[in-house]
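Descriptive analysis of the structure
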Amino acid sequence: MAKCSKEKASKNEALTQKTSVKSEKNTAQIRVMTIDDYDGVYKLWMSIHGFAIRSVDDSREGVEVFLKRNPCTSVVAVEDGKIVGAILCGHDGRRGCLYHVCVHEDYRMRGIGKAMVVFCMKALREEKINKVSLIAFTTNDVGNKFWHQIGWTKREDLNYYDFTLNEKNIIAYNK
Ligand SMILES: CC(C)(COP(=O)(O)OP(=O)(O)OC[C@H]1O[C@@H](n2cnc3c(N)ncnc32)[C@H](O)[C@@H]1OP(=O)(O)O)[C@@H](O)C(=O)NCCC(=O)NCCS
């Protein structure tokens, strides 16, 4: 199983500090997510309007499995002593993927979202991953504007397919 050494994690953080969008607006600390962050991250998820949370994948156990496979690539933003932003980011050895990209409403439009994405992209590059993707609901205007603004490509030439392997992995949408 992959391990994220403290050295590697802090190298990722150092890279981000040097080259990222950290600006006067963004005073959050951006760092690697660990399972100890779960309660804070879950609280943040529950505060995000319209967020889709899965009963199995997003449980503590589900996130722990994800972070064990991908120990260096997920991120949190910490400010005012709490987690105000988070991204689950991992890869399968070929492609990277981002899940649950979010910033608390009170901390938006200050560069935190972009700084976290840059952090993840650098961490993936460190692991020799060449491409990263994510899913955004077509109805998510905020999310789609953000991805467009930070230069990601919207693919018009693909259909997205999936198949449910576990019916117990129920989805619930935040109000
Ligand atoms: C999407 C989200 C993570 C953006 O976080 P953020 O910290 O506010 O974003 P940033 O401040 O880093 O913005 C980066 C750029 O995107 C732009 N941007 C961000 N949100 C925007 C919006 N709603 N409309 C237009 N532009 C937006 C910013 O102006 C900034 O542009 P700049 O680099 O030219 O200055 C946040 O709005 C959020 O959590 N939304 C709810 C969850 C969600 O939809 N996640 C995406 C799932 S696919």
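Each remark here, short or long, concerns the structure printed above.
Attention in this report is confined to the structure presented alongside it. (Residues numbered from 1 in each chain as written. Predicted model: local features only at pLDDT ≥ 70, side-chain atom pairs only at ≥ 80, totals over all residues.)

1. Considerations on the overall build of the protein
Helices and strands together make up the secondary structure of the protein, namely 5 helices and 7 strands. Sequence-ordered secondary structure for the protein, helices as α and strands as β, is α-β-α-β-α-β-β-β-α-β-α-β. Buried positions account for 30% of the 175 residues belonging to the protein. Long-range pairs, those at least 24 residues apart, make up 70% of the contacts in the protein between residues at least 6 apart in sequence. (Helix = DSSP H or I, 4+ residues; strand = E, 2+ residues; numbered from the N terminus. Buried ≥ 20, exposed ≤ 12 C-beta atoms within 10 Å, placed from the backbone. Contact = placed C-beta atoms within 7 Å.)

2. Let's talk about the nonpolar core
In this structure, Val 75, Ala 86, Ile 87, Met 116 and Cys 120 are the most contacted members of the largest nonpolar core, which totals 34 residues. When contributions to this core are tallied by element, the ones reaching two or more residues are strand S1 (29–32), helix H2 (38–47), helix H3 (60–69), strand S3 (75–79), strand S4 (82–91), strand S5 (95–103) and helix H4 (112–126). When residues in this core are grouped by element, the largest group, 9 residues, is from H4. Apart from the residues within four sequence positions on either side, Met 116 is in contact with Ile 30, Val 75, Ala 77, Gly 85 and Ile 87. (Core = buried A, V, L, I, M, F, W, Y, C linked by C-beta atoms within 7 Å.)

3. A word on the site of the ligand
Among the 20 residues in the neighbourhood of the ligand, the closest are listed as Arg 108, Gly 113, Lys 114, Gly 143 and Gln 149. If you list the elements that add at least two residues to the shell around the ligand, you get S5, H4 and helix H5 (141–149). Sorting elements by how many residues they give to the shell around the ligand places H5 first, with 5 residues. Residues that form the shell around the ligand fall into these classes: 11 nonpolar, 5 polar and 4 charged. (Near = placed C-beta within 6 Å. Nonpolar A, V, L, I, M, F, W, Y, C, P; charged D, E, K, R; others polar.)

4. Side note on the environment of Ala 77
Summarising the element assignment, Ala 77 is placed in strand S3. On the basis of neighbour counts, which here come to 29 C-beta atoms within 10 Å, the residue Ala 77 falls in the buried class. Residues in contact with Ala 77, not counting those within four places in the same chain, are Ala 28, Ile 30, Val 84, Gly 85, Val 103, Ile 112 and Met 116.

5. Let's talk about the pairing of S5
Within a regular strand, side chains alternate between the sheet's two faces. Pairing of S4 with S5 involves 6 bridges; the strand directions are antiparallel. Each bridged residue has a counterpart across the sheet, and for Ala 86 the counterpart in S5 is Cys 102. Two successive antiparallel strands, S4 and S5, enclose a turn made up of 3 residues, where Gly 93 displays a positive phi of approximately 100°. Judged from the 4 bridges that link them, S5 and strand S6 (residues 131–134) form a sheet pairing that is parallel. Paired with Leu 98 across the two strands is Leu 134, which belongs to S6. In terms of handedness, the path from S5 via H4 over to S6 forms a crossover that is right-handed. (Pairing = 2+ DSSP bridges. Right-handed = clockwise from strand over helix to strand, strands pointing away.)

6. Re unusual backbone geometry
Of all residues except glycine, most have a negative phi; of all peptide bonds, most are trans. At His 100, a position not held by glycine, the phi torsion is positive, near 50°. Since 21 C-beta atoms lie within 10 Å of it, His 100 is described here as buried. With phi around 65°, Lys 128 is a residue other than glycine that occupies positive phi space. Along the chain, Lys 128 falls in the loop between H4 and S6. On the neighbour-count criterion, Lys 128 (9 C-beta atoms within 10 Å) is exposed.

7. Observations regarding the sheet that holds S4
In spatial order, the strands read S1-S3-S4-S5-S6; together these 5 strands make up an open sheet with mixed pairing. Each edge of the open sheet carries a strand with a single partner, namely S1 and S6. Taking each pair of neighbouring strands and ignoring which way they run, the sheet shows an average axis angle of 25°. Both S1 and S3 contribute to a ladder of 4 bridges, which runs antiparallel. Note on S3: the bridge partner recorded for Ile 30 is Ala 77. (Axes fitted to C-alpha atoms, helices over the stretch in contact; angles between N-to-C directions.)

So yeah, pure geometry; function would need other evidence.
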